[in-house]
Amino acid sequence: MEPKLTPQTFKGVVVKTAMKDTATVAVSRYVKHAKYKKYQVRTKKYLVHDEGNTVQVGDKVTIVGCRPISKMKRFKISK
């Protein structure tokens, strides 16, 4: 019997909704610098599938990994 794998999930903030069925979500993480040992916030933007354009800019969302929907979209909105 195969082990059940859970897809990758992130929490982020919607920063752009200009495209059809797509939102841009900024995901921040708190990391320690390898050399200077200082903590800093690193942010990465993901293109996310948003069927029917349901989210607005500024909404906090949870995104979940899925099959490739287009060249850049590998995530969809969960909540």
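For the structure, see preceding data.
Residues numbered from 1 in each chain as written. Predicted model: local features only at pLDDT ≥ 70, side-chain atom pairs only at ≥ 80, totals over all residues. Heavy atoms only, no water.

Caption draft 1: Looking closely at the nonpolar core. Grouped together as the largest cluster of nonpolar side chains are 10 residues: V14, A23, V25, V27, Y46, V48, V55, V61, I63 and F75. Of all elements in the fold, only β2 (22–32), β3 (39–49) and β4 (60–65) reach the threshold of two or more residues within this core. No other element matches the three residues that β2 contributes to this core. Other than its neighbours up to four places away in sequence, V27 contacts F10, K11, G12, R42, T43, K44, Y46 and I63. (Core = buried A, V, L, I, M, F, W, Y, C linked by side-chain atoms within 4.5 Å. Buried < 20%, exposed > 50% of the residue type's maximum accessible area, 1.4 Å probe, protein only. Helix = DSSP H or I, 4+ residues; strand = E, 2+ residues; numbered from the N terminus. Contact = heavy atoms within 4.5 Å.)

Caption draft 2: Here's a closer look at a nonpolar patch on the surface. On the surface, Y30, Y39 and V41 cluster together to form a nonpolar patch covering roughly 370 Å² of accessible area. Along the polypeptide, Y39 turns up in strand β3. Residue Y39 is classed as partly exposed on the basis of its relative accessible area of 45%. (Patch = residues over 30% accessible without salt bridge, like charges linked within 9 Å, V, L, I, M, F, W, Y side chains within 5 Å. Areas by Shrake-Rupley, 256 points an atom, 1.4 Å probe, with all protein chains shown as cover. Salt bridge = Lys/Arg side-chain N within 4 Å of Asp/Glu carboxyl O.)

Caption draft 3: Structural context of the packing of aromatic side chains. Applying the stated criterion across every chain yields a total of four aromatic pairs. Taking 5.8 Å as the distance between ring centres and 55 degrees as the angle between the ring planes, the aromatic pair formed by F10 and F75 counts as tilted. Here F10, found in strand β1 (residues 9–16), pairs with F75, found in strand β5 (residues 75–77); they are 65 residues apart in sequence, far enough to count as distant. Judged by relative accessible area, F10 falls into the partly exposed class, the value being 23%. For F75, a relative accessible area of 8% puts it in the buried group. Here the aromatic rings of Y30 and Y39 are separated by 5.3 Å at their centres, their planes lie at 10 degrees, and the arrangement is stacked. One aromatic cluster is present, built from ring pairs that chain together F10, Y46 and F75. (Phe/Tyr/Trp six-rings, centres within 6.5 Å; stacked < 30°, edge-to-face > 60°.)

Caption draft 4: Region of interest: the side chain of T22. Residue position: T22 is located in strand β2. Apart from the residues lying within four places of it in its own chain, the contact partners of T22 are T17, L47, V48, D50, N53 and K73.

Caption draft 5: Geometry of the side chain of H49. Structurally, the position occupied by H49 is in strand β3. Only 3.0 Å separates the side chain of H49 from the side chain of E51, close enough to count as a polar contact. A polar contact is formed between the side chain of H49 and the side chain of K73, at a distance of 3.1 Å. Sequence-distant contacts of H49, that is, excluding residues within four places in its chain, are made with D21, I69, K73, F75, K76 and I77. (Polar contact = N/O pair within 3.5 Å; in protein donor to acceptor, adjacent residues only side chain to side chain.)

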